[in-house]
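Next come the chains, spelled out residue by residue.
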Amino acid sequence: MIPKWQPGIVTRIEQATHNPRRYWIELPETTQFDFKPGQFITLDLPIHEQRNKRWRSYSIASKPDGSNVIELLIVYVEGGAATNYFFNEVKEGTELTLRGPQGIFTLPDPLDKDLFLICTGTGIAPFRSMLQYVQEHQVPHHNIYLVFGCRTQADLLYADEMRALESAIQNFSYHPTLSRESWEGHAGYVHNVYEALCQEKQPAIFMLCGWRNMIDEARQRLLTLGYDKKDVQLELYG
């Protein structure tokens, strides 16, 4: 059943890095907003006369914590009607219309294989929710790898938090990789990183989130490595 539309009030806005912003939204008609880590909400924004052209979906970046507040991570896209609205008109106190949660791109249950969370840009949002949930609920799991690709260190989203989770979650490792800057960590795109981590072809689930080009290439590479298509889940951004 599709959830009903409801109001949401923007209660807080922070600049995440030089581009993306973090938006906290409170749902005043909902006492407890229940969702599964990895799900998304859909916003009906005042950016077009036709309703279906006003809808934009965003993964929930926060963990389910029993409250009625969620966090979204939104990147500015040049010429994008939705992001122009968010970055130029939405303020603390702005009322939005949304519905959710929806989506099946959720944390596998049980976590009985290695789990690869592969993302670029704001595609890290659903994985942040999943990792926080694993840590808080002490979810049994095998190895978990977060492979996060971006251009420079200035683009690393939730970097300090991911490093803290790396210490807090047993068998979890964080693998950021930069395509436009030399540093002490991984260099280049995400593909070389996850291929090196799964070179023994261990049983694994791969969750891909980000731009279409990355996802299309990753999916093909994983199939070439011998993994089954049912082992590869994806969420497209843009």
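(A) Region of interest: the packing of aromatic side chains. This structure, assessed with the given rule, holds eleven aromatic pairs. Ring centres 4.9 Å apart and planes at 70 degrees place the aromatic pair Tyr23 and Phe86 in the edge-to-face group. Note that Tyr23 is positioned in strand β2 (residues 21–26) and Phe86 in helix α1 (residues 81–88), a separation of 63 residues in sequence. Both rings, one in Tyr58 and one in Phe86, keep their centres 6.0 Å apart while their planes meet at 75 degrees; by these two values the pair is edge-to-face. With Tyr58 in strand β4 (residues 55–59) and Phe86 in helix α1, this pair connects stretches of sequence that are 28 residues apart. Of the aromatic side chains, those joined through ring pairs into one cluster are Tyr23, Tyr58, Tyr76, Tyr85, Phe86 and Phe87.

(B) Molecular detail of helix α3 (residues 159–168). Of the residues making up α3, those classed as buried are Ala159, Met162 and Leu165. Within α3, the buried residues cover an arc of 120 degrees as seen down the axis, which keeps them to one side. Turned more than 90 degrees away from the buried face of α3, the exposed residues are Asp160 and Ser167. On its buried face, α3 is in contact with α2 (125–137), β8 (144–150) and β9 (172–178).

(C) Region of interest: the side chain of Thr177. Structurally, Thr177 is set in strand β9. From its side chain, Thr177 meets the backbone oxygen of His186 in a polar contact 3.4 Å long. Reaching out from Thr177, the side chain makes a polar contact with the backbone oxygen of Gly188 at a distance of 2.9 Å. When sequence neighbours within four positions are dropped, the list of residues in contact with Thr177 reads Phe148, Gly149, Cys150, His186, Ala187, Gly188, Tyr189, Val190 and Val193.

(D) Broad picture of the pattern of salt bridges. The full count for this structure, using the stated rule, is 14 salt bridges. Its salt-bridge partner being Asp44, residue Arg54 comes within 2.8 Å of it at the nearest N-O pair. Highlighted residues: Arg54 in the loop between β3 (40–44) and β4 and Asp44 in strand β3, separated in sequence by ten residues. Each member of the pair Arg54 and Asp44 is classed as buried. The closest approach of N and O atoms between Asp216 and Arg219, which form a salt bridge, is 3.4 Å. Taken together, the residues Asp216 and Arg219, both in helix α5 (residues 212–225) and three residues apart, mark about one turn of the helix. A relative accessible area of 31% places Asp216 in the partly exposed class. Members of the salt-bridge network, linked through shared partners, are Arg12, Glu14, Arg22, Glu71, Arg128 and Glu161.

(E) Inspection of unusual backbone geometry at higher detail. Cis geometry marks the peptide bond from Gly100 to Pro101, where omega comes out at 0 degrees. Inspection of the secondary structure puts Pro101 in strand β6 (residues 95–102). A cis amide bond links Asp109 with the next residue in sequence, Pro110, at an omega value of 5 degrees. Along the chain, Pro110 turns up in the loop between β6 and β7 (114–120). Residues other than glycine seldom take positive phi values, yet Gln138 does so here, at roughly 50 degrees. Phi is positive for Asn171, close to 65 degrees, though the residue is something other than glycine. Its place among the elements puts Asn171 in the loop between α3 and β9.

About the thresholds
- Residues numbered from 1 in each chain as written.
- Predicted model: local features only at pLDDT ≥ 70, side-chain atom pairs only at ≥ 80, totals over all residues.
- Heavy atoms only, no water.
- Phe/Tyr/Trp six-rings, centres within 6.5 Å; stacked < 30°, edge-to-face > 60°.
- Helix = DSSP H or I, 4+ residues; strand = E, 2+ residues; numbered from the N terminus.
- Buried < 20%, exposed > 50% of the residue type's maximum accessible area, 1.4 Å probe, protein only.
- Arc of directions from axis to C-beta.
- Contact = heavy atoms within 4.5 Å.
- Polar contact = N/O pair within 3.5 Å; in protein donor to acceptor, adjacent residues only side chain to side chain.
- Salt bridge = Lys/Arg side-chain N within 4 Å of Asp/Glu carboxyl O.

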